[in-house]
There are 2 protein chains.
Amino acid sequence: MKKNLFIIGLGLIGGSLGLALRESPLVNKIFGFDIDIKTVETALQIGVIDEFKSIDEGGKNADVIFLCTPISFFPLIINELRNVVRQGTIITDVGSTKEEVMQFFSNLPQGVWAIGGHPMAGSEIKGINGIDRYLFENAVYVLTPAPDVPEEQVNLLGELLSFTGAKIKTMPASLHDELVATISHVPHLAAAALVNLTEGRDDNLMMAAGGFRDTTRIASSSPELWQDILFSNRKYVGQKLDKLIKFLFKIKKALEEDDSETVYTELCRAKEIRDQIPHKRKGLLPEFSELVCIVPDKPGIIGKIGEILGKENINIVDIEILRVREGDGGSIRIGVRNREEAERAVSILQSCNIKSWVR
Amino acid sequence: MKKNLFIIGLGLIGGSLGLALRESPLVNKIFGFDIDIKTVETALQIGVIDEFKSIDEGGKNADVIFLCTPISFFPLIINELRNVVRQGTIITDVGSTKEEVMQFFSNLPQGVWAIGGHPMAGSEIKGINGIDRYLFENAVYVLTPAPDVPEEQVNLLGELLSFTGAKIKTMPASLHDELVATISHVPHLAAAALVNLTEGRDDNLMMAAGGFRDTTRIASSSPELWQDILFSNRKYVGQKLDKLIKFLFKIKKALEEDDSETVYTELCRAKEIRDQIPHKRKGLLPEFSELVCIVPDKPGIIGKIGEILGKENINIVDIEILRVREGDGGSIRIGVRNREEAERAVSILQSCNIKSWVR
């Protein structure tokens with residue numbers, strides 16, 4: 001039987017869930033709630049939800065409820081929901097830590113199925129304008145069911161969420177919190193620390209190139225949000241932070257003692273592990289080969305390149321503007337199906353006086 | 001008078017310098033050398049250099065010599081050059097540390113002008129295939145002249161390099177090395193440390209989302225190269241690493257002692273400083289507004305969108321494929337000139353049954 005969903009909080013995650021799940025054959029209607037009325041209007045307009053409902057109304061009529069607000073709102077919302085939810089309703093969330101959330105969920109009536117959730121996906125554009133139907137594609141989506149939840153209910157939620165393209169992993173809330181301490185929370189603190197190491201000095205900041213930008217990007221996130229996350233997970237964050245400090249101290253000692261072996265070994269280990277993390281493939285269709293071209297800064301140039309290559313039956317599967325000089329030109333990376341097409345594209349573009357080469 | 005340049009080492013940096021400087025009105029010919037014959041062939045073909053020359057020949061006939069090999073080759077190359085360079089020749093390099101390089105340069109004959117150089121730009125694609133005419137656009141390019149170099153020689157090199165789009169900053173080699181310890185070398189070690197904190201465990205790595213990927217990207221660089229850089233700058237790296245450790249320890253203590261004030265203050269400080277680093281603007285023409293659209297995974301779709309919008313006189317100034325599901329579809333971010341065009345683009349695309357919204 002098709003399910004009615006109720007999404008509370010229509011920001012980046014809640015909105016993207018709605019956008020993706022509305023096309024699922026398992027879904028009947030999606031109800032939505034947000035305290036911001038403009039967000040609700042946008043959600044209805046884009047087609048993220050079918051109907052606006054108050055928390056009471058939505059909670060009463062939903063088969064699955066998604067809490068997609070900041071975690072600090074959960075106690076209030078759960079307090080309102082506990083009086084209206086039907087037996088057999090699934091309640092889940094998308095918060096960044098899970099032990100604390102499962103604690104909140106324990107205030108729900110018996111026979112309501114609490115399954116914590118955390119999709120490992122995001123975007124720097126917060127709110128409904130950042131939504132993306134494919135936000136969860138290939139992302140891990142962790143579920144942490146309460147001990148009393150029947151397996152078929154966990155499977156049902158997992159099946160529903162699979163439609164977003166996410167890979168569902170079920171685990172205990174405590175393991176989740178330990179893993180995110182290592183992979184998200186401590187890296188966040190390290191990024192903040194690296195930024196603060198510059199002391200905001202102009203001469204330091206002016207030197208910041210792509211590497212520093214990437215490494216510290218997450219330090220621009222909301223301090224309020226992150227303070228909450230870090231304290232809500234402070235046991236594991238403290239443990240992993242301690243390990244990080246010990247590791248850095250070991251390297252410092254190795255540098256002082258001219259112990260290049262240790263430094264080299266650790267750098268190699270890091271490279272070996274890091275190279276295992278799969279690249280994010282972004283192109284349409286599997287991507288095989290790339291070329292770079294240098295184009296003038298002229299209106300319509302991107303459309304024109306698409307047209308030139310399309311005419312010769314070369315399909316652009318990925319495209320990225322690398323760098324630009326205003327009023328002069330820029331470099332564009334183009335992904336095509338294979339090496340042969342890349343070479344053909346290069347010679348076609350060259351014949352149009354566009355400097356290009358296979359990358 | 002136009003200058004002859006000699007670029008030794010035609011990798012990412014040397015190749016990009018050649019590509020950019022060949023069109024400068026201040027340049028006569030660019031000679032090039034690389035130990036890899038295929039690299040030389042590619043360089044000639046793309047138009048990075050005018051002529052291949054041996055180190056002797058090039059050194060004899062150049063007005064400005066660029067060392068663009070790994071630093072470990074510098075002593076050998078300088079030893080060969082010292083017997084052939086003419087008085088008044090400028091020798092510069094693109095190495096990552098400067099005190100050690102200036103030491104090597106001190107072996108050159110008097111009257112040869114040694115000016116250390118370091119462009120703060122790079123790419124994950126190494127070698128000549130990663131080159132980009134605009135690689136240095138808006139990047140800081142540090143020059144560290146030896147004490148005996150006349151100011152007009154420094155200005156001459158600066159003027160020459162300005163043509164790449166780089167912003168030239170002259171400073172003592174020691175200050176450069178201190179700054180890069182903070183902005184590049186310690187961040188590199190931190191990225192390696194964060195990766196090693198995962199211990200390569202599958203459950204940790206599977207959770208890695210965009211944030212971890214970005215923060216640790218540089219940990220995939222060459223361990224050989226980085227071991228050299230770190231030891232060549234170990235005095236400053238040690239100092240800054242010590243500060244980083246102290247900072248992380250302070251946060252750990254604050255977490256333990258429930259001192260949320262300290263954590264919050266440091267997160268705010270990091271955000272404030274990080275937000276000062278200007279975004280990399282990548283679109284052609286100044287970019288004002290963005291839309292997102294959801295498209296089917298069909299050959300030629302990018303060209304088609306360019307065509308649809310072009311027909312209505314809407315100019316794509318930036319484009320990025322956000323995410324993709326193979327055989328299904330993907331989301332594309334499109335930058336246009338202004339809000340009005342973004343709204344117009346959305347309604348045009350919607351009328352073609354392409355779901356889209358202003359971001």
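Rules and cut-offs
Residues numbered from 1 in each chain as written. Chains lettered and ligands numbered in written order. Predicted model: local features only at pLDDT ≥ 70, side-chain atom pairs only at ≥ 80, totals over all residues. Helix = DSSP H or I, 4+ residues; strand = E, 2+ residues; numbered from the N terminus. Buried ≥ 20, exposed ≤ 12 C-beta atoms within 10 Å, placed from the backbone. Contact = placed C-beta atoms within 7 Å. Axes fitted to C-alpha atoms, helices over the stretch in contact; angles between N-to-C directions. Parallel < 35°, antiparallel > 145°, perpendicular 65-115°, else oblique. Left-handed = near helix turned anticlockwise from the far one by under 90°. Nonpolar A, V, L, I, M, F, W, Y, C, P; charged D, E, K, R; others polar. Domains from an automatic or database assignment. Pairing = 2+ DSSP bridges. Least-squares fit on C-alpha atoms with pLDDT ≥ 70 in both. Right-handed = clockwise from strand over helix to strand, strands pointing away. Core = buried A, V, L, I, M, F, W, Y, C linked by C-beta atoms within 7 Å. Arc of directions from axis to C-beta.

Caption draft 1: Structural view of the overall build of chain A. The number of helices and strands found in chain A is 14 helices and twelve strands. Taken across its 359 residues, chain A has 50% of its residues classed as buried. Pairs at least 24 apart in sequence give 70% of the contacts found in chain A among residues at least 6 apart.

Caption draft 2: Representation of the packing of helix H7 (residues 173–197) of chain A against helix H11 (residues 234–256) of chain B. With their axes 10 Å apart at the nearest point, H7(A) and H11(B) run at an angle of 130° to one another. Regarding the angle of H7(A) to H11(B), the classification is oblique. Along this stretch, H7(A) crosses H11(B), giving a crossing that reads as right-handed. For the pair H7(A) and H11(B), contact is made by A:Leu189, A:Ala193, A:Asn196 and A:Leu197 and by B:Lys240, B:Lys243, B:Leu244, B:Phe247, B:Leu248 and B:Ile251, respectively. For the contact of H7(A) with H11(B), the per-class residue count stands at seven nonpolar, one polar and two charged.

Caption draft 3: The domain arrangement of chain A, seen in detail. Each assigned domain of chain A is listed with its residue range as follows: domain 1 (3–171), domain 2 (176–274) and domain 3 (289–358). If you average the C-alpha positions of domain 2 of chain A and of domain 3 of chain A, the two centres end up 38 Å apart.

Caption draft 4: Just the sheet that holds strand S8 (residues 167–170) of chain B, in detail. Residue and element names in this part refer to chain B. Pairing is mixed across the open sheet formed by eight strands, whose spatial order is S3-S2-S1-S4-S5-S6-S7-S8. Each of the sheet's edge strands pairs with one partner strand only, and the pair in question is strand S3 (51–52) and S8. The pairing of strand S1 (residues 3–8) with strand S2 (residues 27–33) spans five bridges and is classified as parallel. Opposite Leu5, over in S2, you have Ile30 as the bridge partner.

Caption draft 5: Inspection of the relation of the copies chain B and chain A at higher detail. For the match of chain B to chain A, the screw axis carries a shift of 0.0 Å, the RMSD comes to 0.1 Å, and the turn is 180°. On this basis, the relationship between the two copies can be described by a two-fold rotation axis. Relative to the rotation axis, the C-alpha of B:Thr215 is the closest in chain B, positioned 1.9 Å from it.

Caption draft 6: Just the pairing of strand S5 (residues 90–93) of chain A, in detail. Burial of S5(A) is two-sided: the residues A:Ile90 and A:Thr92 facing one way and the residues A:Ile91 and A:Asp93 facing the other way are all buried. At this point the chain moves from strand S4 (residues 64–67) of chain A, through helix H4 (residues 74–81) of chain A, to the parallel S5(A), and the crossover so formed is right-handed.

Caption draft 7: Layout of unusual backbone geometry. All names here are of chain A. Positive phi, close to 60°, is recorded for Asp258, a residue that is not glycine. Position of Asp258 among the secondary structure elements: in the loop between helix H11 (234–256) and helix H12 (260–274). The phi dihedral of Asn313 is positive, around 65°, even though this residue is not glycine. Note on placement: Asn313 falls in the loop between helix H13 (301–311) and strand S10 (318–325).

Caption draft 8: Spatial organisation of the sheet that holds strand S8 (residues 167–170) of chain A. All names here are of chain A. The eight strands lie next to each other as S3-S2-S1-S4-S5-S6-S7-S8, forming an open sheet whose pairing is mixed. Each end of this open sheet is capped by a strand with a single partner; those strands are strand S3 (51–52) and S8. Two strands pair when backbone bridges link them, and strand S1 (residues 3–8) and S4 are joined in this way by four bridges, in the parallel orientation. Each bridged residue has a counterpart across the sheet, and for Ile7 the counterpart in S4 is Phe66.

Caption draft 9: The environment of B:Tyr134, seen in detail. Its location among the elements puts B:Tyr134 in the loop between strand S6 (113–119) and strand S7 (140–145). By C-beta crowding, B:Tyr134 is classed as buried, having 22 other C-beta atoms within 10 Å. If we skip the residues at most four places from it in the chain, B:Tyr134 touches A:Arg323, A:Val324, A:Arg325, A:Gly330, A:Ser331 and B:Gly165.

Caption draft 10: Up close: the pairing of S2(B). Residue and element names in this part refer to chain B. Counting buried positions along S2 gives five out of seven residues, so the element sits mostly inside the fold. Crossover S1 to S2 through helix H1 (residues 12–21) is right-handed. Pairing between S2 and S3: two bridges, direction parallel. The partner of Phe31 across the bridge, within S3, is Glu51.

Caption draft 11: Broad picture of the nonpolar core. One finds A:Leu5, A:Ile7, A:Phe66, B:Leu5, B:Ile7 and B:Phe66 to be the most contacted residues of the largest nonpolar core, which totals 223 residues. Excluding residues within four positions of it along the chain, A:Leu5 makes contact with A:Leu21, A:Val27, A:Ile30, A:Phe31, A:Ala62, A:Val64 and A:Phe66.

Caption draft 12: Summary view of H4(A). All names here are of chain A. Among the residues making up H4, those that are buried are Phe74, Ile77, Ile78 and Leu81. Within H4, the buried residues cover an arc of 100° as seen down the axis, which keeps them to one side. Exposed residues lying more than 90 degrees from the buried face of H4 are Pro75, Leu76 and Asn79. In this fold, the buried residues of H4 make contact with S1, helix H3 (55–61), S4, S5 and helix H5 (99–105).

Caption draft 13: Molecular detail of helix H2 (residues 37–46) of chain B. For H2(B), the set of buried residues is B:Thr39, B:Thr42, B:Ala43 and B:Ile46. The buried residues of H2(B) occupy an angular sector of 100° when projected down its axis, which confines them to one face. H2(B) presents B:Ile37 and B:Gln45 as exposed residues on the side facing more than 90 degrees away from its buried surface. Elements that come into contact with the buried residues of H2(B) comprise strand S12 (355–358) of chain A together with H1 and S2 of chain B. B:Gly47 occupies a position one or two residues after H2(B) and carries a positive phi of about 95°.

Caption draft 14: Quick look at the environment of A:Ala209. Relative to the elements of secondary structure, A:Ala209 occurs in the loop between helix H8 (202–206) and helix H9 (210–216). Looking at A:Ala209, the number of C-beta atoms within 10 Å reads 17, which means it is partly exposed. Residues A:Ala209 and A:Leu67, 142 residues apart in the sequence, show an inter-C-alpha distance of 39 Å. For A:Ala209, the residues in contact, after removing those within four places along its chain, are B:Met120, B:Ala121, B:Gly122 and B:Ala139.

Caption draft 15: How the structure looks around the environment of B:Glu312. All names here are of chain B. With respect to the secondary-structure elements, Glu312 resides in the loop between helix H13 (301–311) and strand S10 (318–325). Judged by C-beta crowding, with 11 C-beta atoms within 10 Å, Glu312 ranks as exposed. Residues Glu312 and Arg344 lie 32 residues apart in sequence; the distance between their C-alpha atoms is 9.0 Å. Apart from the residues lying within four places of it in its own chain, the contact partners of Glu312 are Arg344 and Ile348.

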